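Remarks on the overall topology
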Amino acid sequence: MLKKDPLQIVIFQSYGTDTHFYLRGRALEDETIDLEQKGVFGLIINSWKRFETDEIKHTELKITLPNNTVLKTITDDHGYFKINEQIEGLNNLINDEGWLNIKASYNDVNIKRNIQNKNRFPGELLIPSPNADFGVISDIDDTIIHTGVVSTLKWRVVINSIFKSATSRIPLEGAADFYHKLHRGASGKNANPIFYVSHSPWNLYRYLEFFLKQNGFPKGPILLRSFKDIFNKNSGERSRKHIEIINILKTYPKLKFILIGDSGEYDADIYIDVAREFPDQVAAIYLRHVKHKKKMQRVVSLFKGYNQVPVLLVKSSEAAIVHARKHGFVA
């Protein structure tokens, strides 16, 4: 009989408020993916494991807060779960950077395969400080990591995602420094929240989480989408990324946000739409240049005569820092 893989619960870094607990994650078998894997064959095997997942469906989980409050949830057909509840006094449970540490566990006493982890899986949820000057919502692909979404048939996306480890991926020059300056704000002492929102599937969550940590980016919620949603989007529907951005702004109605993306796909369209819908909450828009003439021309035409909020088509992180300093966002 083949030995079954141990179980795990992956907690996606999420966000909330003093009274709003919003947490997402997934229960599945642990395929023991080595994020520092080298060698083409090993990287291909890792990529296969990321997408050929064995989900733990329709299973009850417990989420335990630092004050021993217990929340319960049930996984769906794909092993995902979401808790979206009103809970008072969460600010009393966070650390200095605003992170609430929680633990997840399987509630089924018959589940024994995860005994090596003692059925405790840690996770975090961000509750931004009420003293934050602003928040940052950033794309990932071709905004802080070169992905190749503008390449023909997106062949570079395939190569970078499958044949490169998270340790070998290189962030765009100066991006981590720019984000840290935004995180610390004009005073240099703030803890302005950073939210990473991407069209990438949740299967790449740990890969992207490792990349951000490895390259010194500020820690923040990482919001992706279900792999099945890639094929289910109907014409005219808002993308999952667009919806997540709106959810963030609605969660923090008194907080302004800087939106950062690239000029390769549809960040410009999404950000203009968001700024139009939430005119008092968008402080600035930054869009990185991509090496694609037609796409750049399209974005330039979109912002021709646009003066609702400050906009910069970013050629370098240094230029973005100068612009942010001019507008009082960074020290």
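Residues numbered from 1 in each chain as written. Predicted model: local features only at pLDDT ≥ 70, side-chain atom pairs only at ≥ 80, totals over all residues. Heavy atoms only, no water.

**A closer look at the sheet that holds strand β7 (residues 121–126)**
To keep things clear, this is the line we draw: Pairing between two strands is assigned when DSSP locates at least 2 bridges connecting them. Counting from the N terminus, the helices are the DSSP runs of H or I reaching at least four residues and the strands are the DSSP runs of E reaching at least two. Whenever a helix is involved, its axis is fitted only over the stretch in contact; in every case the axis is a line through C-alpha atoms, and angles between N-to-C directions fall within 0 to 180 degrees.
The strand order across the open sheet formed by seven strands is β4-β3-β6-β7-β1-β2-β5, and the pairing between neighbours is mixed. Looking at strand neighbours, the two that pair on one side only are β4 (70–74) and β5 (80–86), the edges of this open sheet. Looking at each pair of strands side by side, their axes are set apart by 25° on average, direction ignored. Both strand β1 (residues 7–16) and β7 contribute to a ladder of two bridges, which runs parallel. Paired with Tyr15 across the bridge in β7 is Leu126.

**Looking at the sheet that holds strand β11 (residues 257–262)**
Applicable threshold: Here a residue-residue contact requires only that any non-hydrogen atoms of the pair lie within 4.5 Å.
Taken together, six strands build an open sheet; the order of strands is β10-β9-β8-β11-β12-β13 and the sheet is parallel. Both edges of this open sheet fall to β10 (222–225) and β13 (311–314), since each of them pairs with a single strand only. For this sheet, the mean angle separating the axes of adjacent strands, direction not counted, is 20°. Of the strand pairs in this sheet, strand β8 (residues 135–138) and β11 are connected by four bridges, and their pairing is parallel. The partner of Ser138 across the bridge, within β11, is Ile260. Strands in contact with helix α3 (residues 175–184) are β8, β9 (194–201), β11 and β12 (282–288); relative to β11, the strand with the most contacts, it is inclined by about 170°.

**Some points on the pairing of β10**
Quick note on the threshold: Each residue's exposure class comes from its accessible area (1.4 Å probe, protein chains only) as a fraction of the maximum for that residue type: buried when under 20%, exposed when over 50%, partly exposed otherwise. For crossovers, right-handed means that the path from the first strand over the helix to the second runs clockwise, given strands pointing away from the viewer.
Covered by surrounding structure in β10 are Ile222 and Leu224 together with Leu223 and Arg225, the residues of both alternating faces. Relative to β10, β9 runs parallel, the two sharing three bridges. Across the sheet, Val197 pairs through a bridge with Leu223, a residue of β10. In this fold, the crossover linking β9 to β10 by way of helix α4 (residues 205–214) has right-handed handedness.

**Describing unusual backbone geometry**
Even without glycine at this site, Asn68 takes up a positive phi of about 70°. The topology assignment puts Asn68 in the loop between β3 (60–64) and β4.

**Examining the packing of aromatic side chains**
Convention followed: Put simply, two rings from Phe, Tyr or Trp (the six-membered ring, in Trp's case) pair if the centres are within 6.5 Å, and we call them stacked under 30 degrees between planes, edge-to-face over 60, tilted for the rest. In our convention, an over-ring charge means Lys NZ or Arg CZ found within 6 Å of a ring centre and within 35 degrees of that ring's normal.
On inspection of all chains with the given rule, the structure shows 16 aromatic pairs. Where Tyr179 meets Phe217, the ring centres are 5.7 Å apart and the plane angle is 80°; that geometry is what we call edge-to-face. Placement of Tyr179 in helix α3 and of Phe217 in the loop between α4 and β10 is noted, with a sequence separation of 38 residues between them. Residue classification places Phe217 among the buried positions, given a relative accessible area of 6%. With 5.4 Å between their ring centres and 90° between their planes, Phe303 and Tyr306 make a pair best called edge-to-face. Grouping aromatic residues by their ring pairs yields a cluster made of Phe178, Tyr179, Tyr196, Phe211, Phe217 and Tyr286. Of note, Lys219 hangs over the ring of Trp99, and the distance from its end group to the ring centre comes to 4.7 Å.

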